[in-house]
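Remarks on the overall topology
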Amino acid sequence: MRLHPLRLIKLFFSLLALAAVLAPCAHAGEVRTLTLEQALELAAAHNRAIARAVEFRNLAQGVYVAERAAALPQLLVKGTLAREEDKALETPAYDRREASLQLDQALFTWGEVQAGIRAAKIGLLTADERLRASRQEALRDTSVAFYDVLLARELNSVFTENLAQKSRRLREAKERLAVGVATDYDVLVAEVAESNARPEVVRTDNLIRSRRDRLRLVLGLDQAVDATGELSALLVDPPGYAEALAIARDRRPELRDLRHRIGIAEELVTIARAGDKPRLDLTGNYGWKELDADSTNLDGEKWDLGLKLSWPIFDGLRTSGQVQQARSERDSLQIDELQLLDSVAVETREAIDRINVAIELVRALEGTVAQAQKLLELAEKGFEYGVKIRLEVDDAELNLRQAQSSLALARRDYLVAEVDLARAMGILGEDRFPGLPAMPAAAANPR
């Protein structure tokens, strides 16, 4: 049967629409597997918080350019084409045409212009520190999300292995029942053990998916991602509290940002004080003017150059109020700096304590896992020879599973605490820190 040409066209466009719908789905189904270094590079390039900080930096650059304009000469071209008549003066109607170039240059503003430029320049430094803070926060979130994926996979591996072992024992019980060396009770016990092991596998499978989604969101990607690697790191004792706090006081971006904002507040006080002070400007005009009446035609050059002095003798105490506001803002920022210093000190202390605790746990649990594995081997051998009961084997399996899970969690906590300490010290992604790759140079110094 031949199809009508219109039906063929409709079918063609329907297939195109279906392909357009299925193509994104196929792309979304692709999983991009990342190492930690790759994840950090993507975070530096695509994280939305970093992109927002970059735009704030662009805003600060624009403010600086705008404030600097106050110190530069202002040139304005003006032109007029009009017909005028004044009957009160009994002047005849005439045409007026003129063009001029106007110059305005601030000569003395009691420090107001210079303070505005300095404040804008400090604003650039503030934007740089906020960008550093956003980068470090993004790197911290990416590292934690990455380690959480590895932890979820490690836990899933432990429970999957446990389920596989329970399944093997169920098969063995059924085979022994078939040859008459086991009872229905033994098979039932094995079936219950297998059923109890299955929910943890399901939970950790879902945990892997949710942690991968979290990593994708932190990276700012639309494509599904996965993490590859192991929860292992060379255990390194953290620096002393005094040393870490000294570095944090000097390099923490939030503290630097606040100190720059205090500098801006100082300049705003200077600007406010200039409100009731004298100001001197240079003004000038140069141009051409033509008057065309019924019987007269006048034209020629015109120019003027002079100094303009302005001094607000009394402004209703507006300047005094603005100075008080600027000083209060400066003093409030200084109080905020003291509060932030206390917060950074606590954060640094807690990060060091978490590293020390995690190191002790990892070292202890590594020995515990080895002992639990040996204990399980002995229990299984004893059960095989009839000198151990099934309950002892189950206890040995439970102890090994708990030790393996605790060790994986302790290793994750150590890696996260290490990242948190680098973040608290303000060096995350800038200095190479044990266990954490440095930020790529291109991402660390954007233009």
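Remember, it's a predicted structure, so these values are computed and weren't measured experimentally.

Residue pairs spaced three or four apart in an α-helix point in one direction, given the helix's 3.6 residues per turn. Taking 1.5 Å of rise per residue, the 68 residues of helix α8 (residues 318-385) would be expected to cover 100 Å, and the 97 Å separating its terminal C-alpha atoms lies within 8% of that figure. Looking one or two residues past α8, G386 carries a phi angle of roughly 85°, positive in sign.

Right, let's talk about the sheet that holds strand β2 (residues 74-86) for a bit. The strand order across the open sheet built from 4 strands is β2-β3-β5-β6, with neighbouring strands paired in antiparallel fashion. At either margin of the open sheet sits one strand with a lone partner, and together these are β2 and β6 (297-310). Across this sheet, the average inter-strand angle for adjacent strands is 20°, counted without regard to direction.

This brings us to the packing of helix α4 (residues 112-178) against helix α7 (residues 253-273). Relative orientation and spacing of two packed helices are given, respectively, by the angle between their axes and the distance between those axes. Between α4 and α7, whose axes approach to 8 Å, the crossing angle comes to 165°. Considering their axes alone, α4 and α7 lie roughly antiparallel with respect to each other. At the point where α4 passes α7, the crossing takes the left-handed sense. Among the residues making up the contact of α4 with α7, the classes are represented as 8 nonpolar, 7 polar and 10 charged.

With respect to the helices and strands, A246 occurs in helix α6 (residues 241-251). A246 sits in the partly exposed class, given a relative accessible area of 46%. Residues A246 and M425, spaced 179 residues apart in sequence, show a C-alpha to C-alpha distance of 8.4 Å.

So, about unusual backbone geometry. Residues other than glycine seldom take positive phi values, yet W110 does so here, at roughly 60°. A positive phi angle, near 65°, is found at L317, a position not held by glycine. Classification of L317 as exposed rests on a relative accessible area of 60%.

Right, let's talk about the nonpolar core for a bit. Ranked by size, the top nonpolar core spans 43 residues in total, and within it F146, Y147, L215 and L219 carry the most contacts. Looking at this core, the elements with two or more residues in it are α2 (36-46), α4, α5 (184-219), β4 (224-227), α8 and α9 (390-425). Top element by residues in this core is α4. It accounts for 11 residues. Residues within four places of F146 in sequence aside, it is in contact with L34, T35, L36, A39, L215, A227 and T228. Counting residues in each nonpolar core, the second largest holds 12 residues, with V362, V393, L407 and A410 among its members.

Turning to the confidence of the model for the protein chain, a few remarks are in order. The pLDDT averaged across the protein chain works out to 84; a share of 89% of its residues lies at or above 70. Helix α10 (residues 441-444) is the least confidently modelled element of the protein chain, averaging 37 in pLDDT, while α6 averages 94, the highest of any element. Throughout residues 16-28 the model reports pLDDT below 50, and contacts reaching past four residues in sequence, or to other chains, amount to 1 contact. Segment residues 432-447: pLDDT under 50, and 32 contacts once partners within four positions in sequence are set aside and those in other chains are kept.

Let us now look at the environment of A379. Relative to the helices and strands, A379 is located in helix α8. Considered as a pair, A379 and E397 are 18 residues apart in the sequence and their alpha carbons are 9.2 Å apart. In this structure A379 touches K388, E392, V393 and A396, once residues within four positions along its chain are discounted.

Moving on to the pattern of salt bridges. Considering all chains together, one arrives at 32 salt bridges under this definition. Residue D128 is joined to R57 by a salt bridge in which the shortest nitrogen-to-oxygen separation is 2.8 Å. Placement of the pair is D128 in helix α4 and R57 in helix α3 (residues 48-68), with a sequence separation of 71 residues. With a relative accessible area of 25%, R57 lands in the partly exposed category. Of the charged contacts, one joins R252 and E347 as a salt bridge, the two residues approaching to 3.2 Å between their closest N and O atoms.

Rules behind the numbers
Residues numbered from 1 in each chain as written. Predicted model: local features only at pLDDT ≥ 70, side-chain atom pairs only at ≥ 80, totals over all residues. Heavy atoms only, no water. Helix = DSSP H or I, 4+ residues; strand = E, 2+ residues; numbered from the N terminus. Expected span 1.5 Å × (residues − 1). Pairing = 2+ DSSP bridges. Axes fitted to C-alpha atoms, helices over the stretch in contact; angles between N-to-C directions. Parallel < 35°, antiparallel > 145°, perpendicular 65-115°, else oblique. Left-handed = near helix turned anticlockwise from the far one by under 90°. Nonpolar A, V, L, I, M, F, W, Y, C, P; charged D, E, K, R; others polar. Buried < 20%, exposed > 50% of the residue type's maximum accessible area, 1.4 Å probe, protein only. Core = buried A, V, L, I, M, F, W, Y, C linked by side-chain atoms within 4.5 Å. Contact = heavy atoms within 4.5 Å. pLDDT = per-residue confidence, 0-100. Salt bridge = Lys/Arg side-chain N within 4 Å of Asp/Glu carboxyl O.

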